[in-house]
Amino acid sequence: MTQDELKVMVAKEALQYIPRQGILGVGSGSTVEKFIEQIKLNGVRVEAAVSSSERTTALLKAQGIRVLDPNTCEPYAVYIDGADEVNDRLQLIKGGGACLTREKILTSMAEKFICIVDRSKLVTTLGKFPLPVEVIPMGREQVARQLRRLGGEPVLRAGCITDNGCEILDVHGLRIEDPLTLEQQINAIPGVVTVGLFAHKGADLVLYATDEGVRHKERV
């Protein structure tokens, strides 16, 4: 199967986790866009949503789904999003789409974070995918110096301004053996908005598509 077909497969599987009532949290990226398409194609009702990006908001509204400001919401039941890498402990690298800060806010509000990916995103050790770090522009170079001290090589993502008006440094060359510690270290650097490591609050459930069907891996 092609990667696109795998994304559609896992997107369909995720429909069963949409709450019948209340708010649905929706992330961003190509697999999530397939998920939004499947909501419409399968006639699934979504009472209201919160969104991690301006693009996702536009896609949801185009389907007639009411999108709420998270500041007006109480914590909600389910957040569905993709990932760039997933390890065996359901810790993630996210931020390839430059929405990591908003994604981290929405995951913190959700009772359950369901991650939808294809098999190519599964890894033993995080770090082959460059680690995104959202930074305040005036602090970019100072943050980069600190990231080099941690063993990475940060590269400014060209032409990328986040929905928050910030920049992204993609950190290459890391083999992340201790995601919990590294997440704390990078978040503590002045000028960092957030790092795309979702280790302290990773996924609660990962749905991943294979040629044999969708597999489920739940946090224990």
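Each remark here, short or long, concerns the structure printed above.
These figures come from a predicted structure and were not determined experimentally.

K.L.:
When you look at the pairing of strand S3 (residues 76–81) in this model, what are you seeing that I'm missing?
P.N.:
Walk down a regular strand and you will see the side chains alternate between the two sheet faces. In terms of burial, S3 is largely enclosed, as five of its six residues are buried. Looking at chain direction, strand S1 (residues 23–26) and S3 are connected through three bridges and run parallel. Each residue of the ladder has a partner; that of Val26, found in S3, is Ile80. Of the pairings in the sheet, the one linking S3 to strand S6 (residues 110–118) comprises five bridges and is parallel in character. Its bridge partner being in S6, Asp81 is matched across the sheet by Cys115.

K.L.:
What exactly am I supposed to notice about the sheet that holds S1 here?
P.N.:
To summarise the sheet geometry, strands pair through backbone hydrogen bonds and adopt either a parallel or an antiparallel arrangement. Here we have six strands laid out as an open sheet, ordered S2-S1-S3-S6-S12-S13, and mixed in their pairing. Here the strands that pair on one side only, and so sit at the sheet edges, are strand S2 (48–51) and strand S13 (213–218). Direction aside, the axes of adjacent strands within the sheet are offset by 20 degrees on average.

K.L.:
Help me out: how do you make sense of the packing of helix H1 (residues 3–14) against helix H2 (residues 30–41) in this one?
P.N.:
The geometry of a pair of packed helices is captured by two quantities: the angle between their axes and the separation between those axes. At their nearest, the axes of H1 and H2 sit 8 Å apart, and the two run at 55 degrees to each other. In terms of orientation, H1 and H2 fall into the oblique class. Regarding H1 and H2, the two cross each other, and that crossing is right-handed. Contacts between H1 and H2 involve Asp4, Lys7, Val8, Val10, Ala11, Lys12 and Ala14 from the first element and Ser30, Thr31, Lys34, Phe35 and Gln38 from the second. Within the contact of H1 with H2, the residues separate by chemical class into five nonpolar, three polar and four charged.

K.L.:
Quick question: what am I supposed to make of empty space enclosed by the protein here?
P.N.:
Empty space among the atoms can be located by rolling a probe the size of a water molecule over them. Considering all chains together, one arrives at one cavity of 30 Å³ or more under this definition. Looking at the lining of the largest cavity residue by residue, the classes come out as two nonpolar, two polar and two charged.

K.L.:
Before we go on, may I ask you to explain the nonpolar core in this structure?
P.N.:
One recurring pattern in soluble globular proteins is that nonpolar side chains are buried together. Counting 26 residues, the largest nonpolar core has Leu24, Phe35, Ile80, Ile116 and Leu207 as the members making the most contacts within it. If you list the elements that add at least two residues to this core, you get H1, S1, H2, S3, S6 and strand S12 (205–210).

K.L.:
Would you mind going over helix H6 (residues 179–187) with me for this structure?
P.N.:
Residues three or four positions apart in an α-helix share a direction because the helix packs 3.6 residues into each turn. Buried residues of H6: Pro179, Leu182, Glu183 and Ile186, and no others. End-on view of H6: buried residues confined to an arc of 105 degrees, all on one side of the axis. Of the surrounding elements, those touching the buried residues of H6 are helix H4 (100–109), strand S7 (131–135), helix H5 (140–149), strand S10 (192–195) and strand S11 (197–198).

K.L.:
What exactly am I supposed to notice about the sheet that holds strand S8 (residues 153–156) here?
P.N.:
Strands sit in the order S8-S9-S7-S10 across an open sheet of four strands; the sheet is antiparallel. Only two strands of the sheet have a single partner each, and these edge strands are S8 and S10. Each adjacent strand pair in this sheet contributes to an overall mean axis angle of 30 degrees, direction not counted. Here S8 pairs with strand S9 (residues 167–172) via four bridges, running antiparallel. Bridge pairing links Pro154 to Val171 in S9. Along the sheet, H4 makes contact with S7, S9 and S10, crossing S10 at roughly 65 degrees. Across the sheet, H6 touches S7 and S10, and the angle it forms with S10 is around 165 degrees.

K.L.:
Can you walk me through the layout of surface pockets in this structure?
P.N.:
Empty space within the largest pocket amounts to approximately 230 Å³. Around the largest pocket, the lining comprises 17 residues; the ones closest to its centre are Ser28, Gly29, Ser30, Ala83 and Asp84. Listing elements by their share of the lining of the largest pocket, those giving two or more residues are H2 and S6. Here the lining of the largest pocket takes three residues from H2, the largest share from any one element. Tallied by class, residues from the lining of the largest pocket come to four nonpolar, eight polar and five charged.

K.L.:
Explain the pattern of salt bridges here, please?
P.N.:
Side-chain pairing between opposite charges can occur once the charged atoms of the two side chains come close. This structure, assessed with the given rule, holds 13 salt bridges. When the shortest N-O distance is used, the salt bridge between Arg102 and Glu54 registers 3.0 Å. Of this pair, Arg102 sits in helix H4 while Glu54 sits in helix H3 (residues 54–62), and the two are 48 residues apart along the sequence. Residue Arg102 is classed as partly exposed on the basis of its relative accessible area of 22%. With its nearest N and O atoms 3.7 Å apart, the salt bridge here joins Arg148 to Glu153. Of the residues examined, Arg148 reaches a relative accessible area of 40% and is grouped as partly exposed. Glu153 gets classed as partly exposed once you look at its relative accessible area, which sits at 40%. Through salt bridges with shared partners, a single network forms among Asp81, Lys94 and Glu103.

Quick notes on the rules
- Residues numbered from 1 in each chain as written.
- Predicted model: local features only at pLDDT ≥ 70, side-chain atom pairs only at ≥ 80, totals over all residues.
- Heavy atoms only, no water.
- Buried < 20%, exposed > 50% of the residue type's maximum accessible area, 1.4 Å probe, protein only.
- Helix = DSSP H or I, 4+ residues; strand = E, 2+ residues; numbered from the N terminus.
- Pairing = 2+ DSSP bridges.
- Axes fitted to C-alpha atoms, helices over the stretch in contact; angles between N-to-C directions.
- Parallel < 35°, antiparallel > 145°, perpendicular 65-115°, else oblique.
- Left-handed = near helix turned anticlockwise from the far one by under 90°.
- Contact = heavy atoms within 4.5 Å.
- Nonpolar A, V, L, I, M, F, W, Y, C, P; charged D, E, K, R; others polar.
- 1 Å grid on protein atoms, 1.4 Å probe; cavity = no way out; pocket = protein on both sides within 12 Å on 5 of 7 lines; lining within 4 Å.
- Points joined across faces, edges and corners; volume = space filled by probe spheres on them.
- Core = buried A, V, L, I, M, F, W, Y, C linked by side-chain atoms within 4.5 Å.
- Arc of directions from axis to C-beta.
- Salt bridge = Lys/Arg side-chain N within 4 Å of Asp/Glu carboxyl O.

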